[in-house]
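# Structure assessment
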2 protein chains.
Amino acid sequence: MAVQTLPFSSLLYIDKKSATPVYRQLADALTNLIRNSKLKPGYQLPSSRAMALMLELNRTTIVAAYEELKIQGWLEVIERKGIFVSNKLPVVKPKPFQKEEPEKSFPETEHYFYHRFSDPPKGSRELKAYQLLINDGYPDQRIAPFDMIFNRYKTLIRRTYLHGTLLTEQAAGNSFLRKELADFISKTRALDIGPDNILITQGAQLAIFIAARMILRPGSTVVVGDLNYILANRLFEELGAKLIKVRIDDDGIDVDAIEEICRTQKPDLLYLIPHHHHPTTVTLSGERRIKLLDIIRRYKLPVIEDDYDYDFHYENSPILPLASAAHGGYVLYIGSISKTLSPTVRLGYLVGSSDFIWQAAKLKQMVDIRGDVLFEESIAHLFNSGEMQKHLRRSVELYKHRRDLFCDALQIAASDIVNFERPKGGMAVWAVFPKEYSVTLLAERMAGKGAFLSDGSIYPYNSRINGVRLGFASLNPSEIAQFMQTLKDTL
Amino acid sequence: MAVQTLPFSSLLYIDKKSATPVYRQLADALTNLIRNSKLKPGYQLPSSRAMALMLELNRTTIVAAYEELKIQGWLEVIERKGIFVSNKLPVVKPKPFQKEEPEKSFPETEHYFYHRFSDPPKGSRELKAYQLLINDGYPDQRIAPFDMIFNRYKTLIRRTYLHGTLLTEQAAGNSFLRKELADFISKTRALDIGPDNILITQGAQLAIFIAARMILRPGSTVVVGDLNYILANRLFEELGAKLIKVRIDDDGIDVDAIEEICRTQKPDLLYLIPHHHHPTTVTLSGERRIKLLDIIRRYKLPVIEDDYDYDFHYENSPILPLASAAHGGYVLYIGSISKTLSPTVRLGYLVGSSDFIWQAAKLKQMVDIRGDVLFEESIAHLFNSGEMQKHLRRSVELYKHRRDLFCDALQIAASDIVNFERPKGGMAVWAVFPKEYSVTLLAERMAGKGAFLSDGSIYPYNSRINGVRLGFASLNPSEIAQFMQTLKDTL
């Protein structure tokens with residue numbers, strides 16, 4: 001018996017003691033299943049022999065029931081294939097106790113027993129296929145070393161002895177990857193850490209969630225930039241916290257304002273993106289960092305430093321993260337491997353004191369037991385063999401080149417309209433349009449021409465700012481040219 | 001410049017106006033970096049030329065500083081390779097203002113600013129490698145069709161047009177997979193659903209978390225079995241809910257007790273594992289299901305039905321899930337793809353009304369933006385091509401065979417000691433040992449012989465019950481024999 005056959009012995013209730021003949025009961029029961037859409041048109045029924053075995057009835061009884069339904073038009077026989085629910089079902093005169101429409105398995109309840117965030121949009125939710133996608137600032141997955149990763153994965157699958165170790169992984173993630181990451185992060189961010197300082201998460205978002213949930217309670221306050229990564233804001237509010245918004249200018253967040261807030265209130269958390277702030281791509285100046293570190297120490301202000309973009313710098317050495325300076329233990333550091341390999345890969349990390357990471361791992365285990373330990377092990381191998389470092393070097397070179405191509409072309413195509421700066425790092429340009437060129441409308445028109453770009457509508461302030469992030473890193477030269485042409489035509 | 005070189009221009013502060021010679025300032029600064037473990041033994045410094053460029057100093061200045069440190073023993077030159085931080089660092093007479101130990105980047109703070117769950121264990125957390133792993137009840141990853149999955153993944157990576165569609169995926173998960181799952185779940189569970197009823201999660205645990213978080217508030221009450229899946233209990237308590245425990249016997253959970261609880265209190269949620277309850281593997285009888293459905297409708301009791309194990313039945317047709325009957329919209333259904341392919345694959349699903357799923361997707365997005373959309377698409381292809389169904393059929397056959405081998409061998413090896421039943425489905429045997437044979441001690445002794453089994457210590461009731469889940473599905477015959485031998489030797 002194929003495992004995917006419906007368990008008919010549970011679905012069909014035959015009362016052998018009833019006055020109604022068994023074959024008739026069976027035929028009625030099958031008819032009901034078809035009417036209620038539990039057996040859909042085209043569904044292949046078990047052979048009469050198989051059904052007889054399942055229901056512990058005579059085969060002749062089954063044959064008789066099937067015959068009945070064939071005559072009535074519910075079932076059809078296809079030569080050499082079998083017996084199927086008919087594609088053209090007969091019209092049924094409604095019986096008073098029967099609903100016209102099939103009962104859906106998950107109807108809406110009278111009253112909601114759950115938390116609601118918003119109303120779903122009406123109408124079709126079909127996804128279009130676009131020829132061109134201008135993303136938020138992601139790497140080009142086409143250059144990622146997937147062959148190496150998957151070959152390693154398959155090798156690990158075969159090695160029996162390994163599965164013993166890997167499935168007893170600690171909640172903080174694959175230990176080989178944590179060791180490699182500790183090494184890599186130490187070297188590149190000047191952090192003094194070991195594997196016990198690292199929690200591996202399935203993406204930086206989960207790291208933000210875990211860290212925030214460890215710190216915030218309903219009524220807590222979080223200091224954020226007035227332009228901020230929207231999913232972070234939503235998350236903090238979902239956890240019951242109130243946002244205190246601080247201005248972001250060309251040198252990053254207004255650190256004097258943060259001090260004032262610390263002086264007068266007692267904020268529970270600061271969420272910061274010091275490198276290539278999201279969405280504006282500005283970087284916190286060195287002078288402000290020093291001030292901020294002083295504030296953090298003096299007021300013992302917990303900080304989540306979201307450093308998703310550190311690995312891509314095109315000019316001078318980057319300014320080091322806050323976490324690498326003396327912050328007294330109040331800064332938690334978040335990074336993303338997704339951002340170095342492919343938007344499809346979900347891997348990030350949270351760095352903190354070993355006690356914090358231990359607690360965070362316990363929390364994470366309740367939300368998501370573990371990641372794909374073999375995938376994590378394969379990524380660790382990428383670091384250990386030097387391939388990841390090679391990939392990063394190649395990526396930086398390539399994306400720098402694409403940045404220049406993109407910005408030069410954007411200059412030519414639309415500099416009289418678009419206001420933007422050539423970014424010193426990261427994978428996106430922050431492009432601000434004048435009021436007359438609504439980004440929402442622009443995105444709509446470009447979608448009509450087959451090019452998808454973020455329409456800025458997820459940024460609630462965009463009626464004021466009218467900007468959009470244009471990710472250049474995953475576009476090859478011909479795609480850049482295509483985008484510019486579409487943009488010119490649209491404007 | 002290799003991208004992984006430390007950004008020295010940020011780390012070293014040279015004051016050209018100072019009285020101290022620049023080369024001396026540089027030497028002192030480098031010494032401090034080494035003392036504070038920011039430059040670790042074996043670290044290769046940039047060439048004098050590269051360093052000069054970075055710091056905008058004369059090359060002779062760099063050479064002089066390096067010479068100084070070589071003489072003092074901080075650096076060593078390796079012929080034809082370069083200049084490295086010495087592996088044998090000189091002893092430093094402590095200066096009054098300097099700490100003896102290097103400053104760790106993430107020290108413990110005086111007061112915890114975060115939620116703590118427990119104290120970490122002292123001492124080494126090294127993981128051993130085991131020859132044999134008896135898991136909790138997972139499939140054998142060695143028979144999973146990874147070649148097909150990865151080949152598809154790589155094909156999708158190359159197809160440029162696809163990345164446009166895939167990255168605009170809705171929060172509920174890859175739409176192709178949701179369509180295939182809707183189809184598969186409809187056919188096998190007799191559910192009448194479409195893609196809008198499905199939320200894809202990275203594992204069933206995340207599905208439980210999201211569903212629970214949608215429903216529970218601090219002070220809520222959750223009805224659970226007195227023996228229950230421990231990570232579900234921890235999760236509900238973390239969300240601030242109180243557990244009301246109900247007895248589990250050979251026919252499953254005590255449904256009359258549930259009715260009494262509904263009558264006298266107003267519980268907010270029932271968490272149920274009707275098939276192969278965790279850990280005991282008992283299944284809720286058909287009679288109790290009918291009673292329970294009546295209770296659910298009458299009291300409008302929200303239910304999370306965790307059906308992680310439905311796809312593996314070895315005897316008759318399985319009894320259908322609660323979700324397939326008329327529950328009025330109060331049952332949420334959870335399933336696991338991880339349990340059908342490999343413990344490393346993290347894929348599960350939550351099924352509910354389309355409004356619930358919409359809201360749940362919005363919440364999930366805050367916790368984890370999306371899964372690996374290409375992996376989800378590749379799994380969808382597995383369903384669509386019929387390969388997944390083939391794989392399931394092969395698995396059921398194989399695991400049935402292994403169940404029999406395992407149970408026969410266990411009977412021979414230890415039937416006078418171990419109390420267990422041959423399970424009708426699922427991938428584990430629930431083995432109860434008499435008090436004299438503490439499962440914790442047993443697990444410790446077997447670990448000493450290289451065989452890892454769950455030591456039961458995660459089940460807080462185990463001082464009373466003394467049982468352990470023995471996963472047979474991922475053991476081949478020689479591994480089964482090995483386990484039995486080790487067990488016999490240990491007992």
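Residues numbered from 1 in each chain as written. Chains lettered and ligands numbered in written order. Predicted model: local features only at pLDDT ≥ 70, side-chain atom pairs only at ≥ 80, totals over all residues. Heavy atoms only, no water.

Identification of chain A as HTH gntR-type domain-containing protein from Mucilaginibacter pedocola is taken from an unreviewed UniProt entry.

Moving on, we get to the sheet that holds strand E5 (residues 221–225) of chain B. All names here are of chain B. Across the sheet, which stays open at both edges, the seven strands sit in the order E4-E12-E11-E10-E9-E5-E6 with mixed pairing between neighbours. If you trace the sheet from one side to the other, it starts and ends with strand E4 (198–201) and strand E6 (242–246), each paired once. Across the sheet, the mean angle separating the axes of adjacent strands is 20 degrees when strand polarity is ignored. Relative to strand E12 (residues 348–351), E4 is paired through four bridges, and the arrangement is antiparallel. Its bridge partner lying in E12, Thr201 is registered against Gly348. Of the strands in this sheet, E4, strand E9 (269–272), strand E10 (303–306), strand E11 (331–336) and E12 are in contact with helix H8 (residues 204–215), which crosses E11 at around 160 degrees. Contacts between helix H10 (residues 255–264) and the sheet are confined to E5, E6 and E9, with E6 contributing the most and set at about 140 degrees to the helix. (Pairing = 2+ DSSP bridges. Helix = DSSP H or I, 4+ residues; strand = E, 2+ residues; numbered from the N terminus. Axes fitted to C-alpha atoms, helices over the stretch in contact; angles between N-to-C directions. Contact = heavy atoms within 4.5 Å.)

What follows covers the sheet that holds strand E9 (residues 269–272) of chain A. All names here are of chain A. Across the sheet, seven strands lie side by side as E4-E12-E11-E10-E9-E5-E6; this open sheet has mixed pairing. Lying at the two open borders of the sheet, with one neighbouring strand each, are strand E4 (198–201) and strand E6 (242–246). For this sheet the average axis-to-axis angle between neighbouring strands, irrespective of direction, equals 20 degrees. When strand E5 (residues 221–225) meets E6, the two strands line up parallel, connected through five bridges. What sits directly across from Thr221, in E6, is Lys242. Along the sheet face, helix H8 (residues 204–215) touches E4, E9, strand E10 (303–306), strand E11 (331–336) and strand E12 (348–351) and points at about 160 degrees away from the line of E11.

Moving on to the packing of aromatic side chains. This model, assessed by the stated rule, comprises 28 aromatic pairs over all chains. Look at Tyr153 of chain A and Phe146 of chain B: their rings are 5.2 Å apart centre to centre, the planes differ by 55 degrees, and that puts the pair in the tilted class. Linking Tyr153 of chain A in helix H5 (residues 146–158) with Phe146 of chain B in helix H5 (residues 146–158), this pair reaches from one chain into another. Note on Tyr153 of chain A: relative accessible area 1%, which makes it buried. Measuring from ring centre to ring centre gives 6.2 Å for Phe356 of chain A and Phe113 of chain B, while their planes differ by 25 degrees; the resulting arrangement is stacked. Of this pair, Phe356 of chain A sits in helix H13 (residues 354–367) while Phe113 of chain B sits in the loop between strand E2 (82–85) and strand E3 (132–134), each in a different chain. (Phe/Tyr/Trp six-rings, centres within 6.5 Å; stacked < 30°, edge-to-face > 60°. Buried < 20%, exposed > 50% of the residue type's maximum accessible area, 1.4 Å probe, protein only.)

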